[in-house]
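Take a look at the letters that make up each chain.
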Amino acid sequence: MMVAQGDPRLAVIGRRLARVARVVPVMSSKGGVGKTLLSCLLALALSERGARVGLLDLDVTNPTAHVVLGADLSKFPEEDRGVVPPLIGGVKFMSVAYYSGENPLPLRGWEIDNVVREVLAVTIWGDLDFLVIDTPPGIGDEVLDVLSYFPKHEPLVVATPSPLTVTSVRRLLKLLTEAVKGELIRVVENMARDNSSIIADLARKFRVGFLGKVRFDEGVDRAVGDIDALRESRMYRDVSMIAEKLL
Amino acid sequence: MRGDAKYSGVARVVHEWALAEAIADYVFKTAPSAKRVRVTVRLGELQAVDEGILEFALREIMKSEGIECEVVLKREDCVLKCRKCGYEWLLKEVEFGEEVREAIHFVPEVVHSYLKCPKCGSRDFEVIKGRGVWVEEVSWE
Ligand SMILES: Nc1ncnc2c1ncn2[C@@H]1O[C@H](COP(=O)(O)OP(=O)(O)OP(=O)(O)O)[C@@H](O)[C@H]1O
Ligand SMILES: [Mg+2]
Ligand SMILES: [Zn+2]
């Protein structure tokens, strides 16, 4: 007789992602560079171009993508042999915020890992061309979980043109290029204000893709929470160019 | 024996089905060629998984794969421990509203959004026992 024991959730993740063609985790070891806003706009822009898109907010202890999308947290997502992410602006949107609301959710590392396993095990994405994932800053549990639990992924690294960001993002690129083929890693410069080439140079140095610049848009914060207004923003137009390059 | 009528409709809808699928996939992966298996699943009180539905769904999935499966479910009480003051308490001592129960049912860790240590008020506590679904044993020949 043979015996085994373990966590059943890890066994089912592959099945849940079986019909997801491309996974794009939006990452940056630096905080506040625009990962969340960019993830949301990218998901909207890809969907506007006819792609079937999912968006997963994996910033477990500080989810904010629902704020950008103006998602309604008052109802739990529907169940159908799992949890079915509601459609928001044409995008299947999943977040822990449906369950934690706007309450604090202080978690230790292993608890974050548990949340990620749970969400990946029960979310029914169905057929997707893209699953965009918003991640927290740093190189912590959520980022490591994405790298370990997703059989394939194409990281999109967000950087702003400042020396502190460059130092921080260099570490992430070092980690990513050790694990993922360079042609599957892409860098986007956000909040660009001039024609500095600091981020493009960084991408070249690591032999990863550079998808271009998203300019600083002083109007975009006013559009947060309103998908139609977001689609009118200058940032959305810039992100749309990035989306074109990803398609 | 549990009648199909009682569970089939519900089991096909609720998210227990997804957890049953996870257990089934775990069995297929650990014992790929087994035709007869015994699965012991530990169910933590915190997640409050519906035992009847989980068992029904698991049997259905195994049957559809042509596997004879004995299912043993073990409930585990949930014990919490504060990391700040060390106090230990039982989930049974806590009262939650229906909405909160349901939120925790989907993602047990959100208990930190709705509960504090009864002694010192900290949210920095640990679920030391009885969180969720765990395969305690799969055995096959
Ligand atoms: N291109 C842009 N133009 C103007 N403002 C921007 C731009 N990109 C992001 N912002 C603003 O910068 C702030 C931080 O953005 P966001 O929350 O998306 O960053 P983040 O990287 O997700 O942060 P965190 O690391 O905390 O998760 C927000 O106020 C956002 O509106
Ligand atoms: Mg963010
Ligand atoms: Zn305490």
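Given the structure is predicted, the values throughout are model-derived calculations rather than measurements.

Caption draft 1: Structural view of the overall build of chain B. Scanning chain B from N- to C-terminus turns up five helices and six strands. In chain B, the succession of α and β elements from N to C terminus is α-α-β-α-β-β-β-α-α-β-β. Viewed in the frame of its principal axes, chain B has a C-alpha envelope of about 55 × 30 × 20 Å. A buried classification covers 53% of the 141 residues belonging to chain B. Contacts spanning at least 24 positions in sequence make up 76% of the contacts within chain B whose residues lie at least 6 apart. Surface summary for chain B: the accessible area is close to 6,700 Å², and the carbon and sulfur share equals 47%. Separation of charge centres in chain B, based on 22 positive and 26 negative side chains, amounts to 3 Å.

Caption draft 2: Representation of the sheet that holds strand β3 (residues 79-82) of chain B. Residues and elements named next belong to chain B. If you walk across this open sheet you meet the three strands as β4-β3-β5, and the pairing is antiparallel. Looking at strand neighbours, the two that pair on one side only are β4 (88-90) and β5 (125-129), the edges of this open sheet. The average angle at which neighbouring strand axes cross in this sheet is 30°, direction not considered. Note that β3 and β4 share three bridges and pair antiparallel. Counted as the bridge partner of V79 is L90 from β4.

Caption draft 3: Representation of the site of ligand 1 in the model. Residue and element names in this part refer to chain A. Close contacts around ligand 1 come from 18 residues, with G32, K35, T36, D217 and D221 the closest. The separation between an oxygen atom of ligand 1 and a polar main-chain atom of G34 is 2.9 Å. Side-chain polar atom of D221 to an oxygen atom of ligand 1: 2.3 Å apart, as the coordinates give it. Isolated, ligand 1 exposes 640 Å² of accessible area, and the fraction of that covered by the protein chains is 79%. Those elements that provide at least two residues to the shell around ligand 1 are α2 (35-48), β10 (186-192), β11 (209-215) and α9 (220-223). Of all the elements, α2 adds the most residues to the shell around ligand 1, at three residues. Its residues assigned to classes, the shell around ligand 1 shows eight nonpolar, five polar and five charged.

Caption draft 4: Structural context of the nonpolar core. By size, the foremost hydrophobic cluster in this structure holds 139 residues, and its most contacted members are L56, Y99, L131 and L173 of chain A together with V39 of chain B. With sequence-adjacent residues up to four places away left out, L131 of chain A is seen in contact with L17, V20, R22, V23, V24, G54, L55, L56, W125 and F150 of chain A.

Caption draft 5: Focus on the sheet that holds strand β1 (residues 2-6) of chain A. Taken together, the four strands give an open sheet; going across it, the order is β1(A)-β6(B)-β1(B)-β2(B), and neighbouring strands pair in mixed fashion. Of all the strands in the sheet, just β1 of chain A together with β2 (68-76) of chain B have a single pairing partner and so form its edges. Averaged over all neighbouring strand pairs, the angle between strand axes comes to 15°, with direction disregarded. Bridge count between strand β1 (residues 36-44) of chain B and β2 of chain B: nine bridges; the pairing is parallel.

Caption draft 6: How the structure looks around the coordination of the zinc ion (ligand 3). Residues and elements named next belong to chain B. Surrounding the zinc ion (ligand 3) are the protein donor atoms C82 (SG), C85 (SG), C117 (SG) and C120 (SG), at 2.3 to 2.4 Å. Coordination at the zinc ion (ligand 3) comes from four donor atoms whose angles at the metal span 106 to 114°, giving a geometry best classed as tetrahedral. Donor residues for the zinc ion (ligand 3), ordered by position in the chain, follow C-x2-C-x31-C-x2-C. Here C120 lies in the loop between α5 (111-114) and β5 and C85 lies in the loop between β3 and β4, a separation of 35 residues in the sequence. Taking relative accessible area as the criterion, C120 reaches 33% and is therefore assigned partly exposed.

The rules behind the values
All residue numbers here refer to positions counted from 1 along the written sequence of the relevant chain. Chain letters start at A and ligand numbers start at 1, both assigned in the order the entries are written. At least 70 in pLDDT is required for a residue's local features to be given in this predicted model, at least 80 for side-chain atom pairs to be given and counted, and no such filter applies to totals for whole chains, interfaces and linings, which use all residues. Neither water nor hydrogens contribute to the side-chain values; these are computed over all heavy atoms in the structure. Where helices and strands are cited, they refer to DSSP runs of H or I of at least four residues and of E of at least two residues respectively, numbered from the N terminus. Type-normalised accessible area, obtained with a 1.4 Å probe on protein chains alone, sets the label of each residue: buried when under 20%, exposed when over 50%, and partly exposed for intermediate values. Contacts were defined at the residue level, with two residues in contact if any of their heavy atoms lie within 4.5 Å. Per-residue and other accessible areas were derived by the Shrake-Rupley procedure at a 1.4 Å probe size, with only the shown protein chains allowed to occlude residues. Two residue types count as positive, namely Lys and Arg, and two as negative, namely Asp and Glu; His and chain ends fall outside the count. Taken as the charge location is NZ of Lys, CZ of Arg, CG of Asp or CD of Glu. A pair of strands counts as paired when DSSP detects no fewer than two bridges linking them. Here an angle of 0 to 180 degrees is reported between the N-to-C directions of two axes, which are lines fitted to C-alpha atoms, with helices fitted over the stretch in contact. Definition of nearness: a residue and a molecule or strand are near each other if at least one heavy atom of the residue lies within 4 Å of the molecule or strand. In protein, a polar contact means a hydrogen-donor-capable atom and an acceptor-capable atom, both N or O and within 3.5 Å, with residues adjacent in sequence counting only if both atoms are side-chain atoms; elsewhere, any N or O pair within 3.5 Å suffices. Classification used: nonpolar for Ala, Val, Leu, Ile, Met, Phe, Trp, Tyr, Cys and Pro, charged for Asp, Glu, Lys and Arg, polar for all others including Gly. In plain words, nonpolar cores are sets of buried Ala, Val, Leu, Ile, Met, Phe, Trp, Tyr and Cys residues tied together by side-chain atoms within 4.5 Å. Metal sites are built from N, O and S donor atoms within 2.8 Å, or 3.2 Å for Na, K and Ca, and they leave out water, so they may look incomplete. Between 85 and 135 degrees for all angles marks four donors as tetrahedral; over 155 degrees for opposite donors together with 65 to 115 for all other angles marks four donors as square planar and six as octahedral; every other arrangement is irregular.

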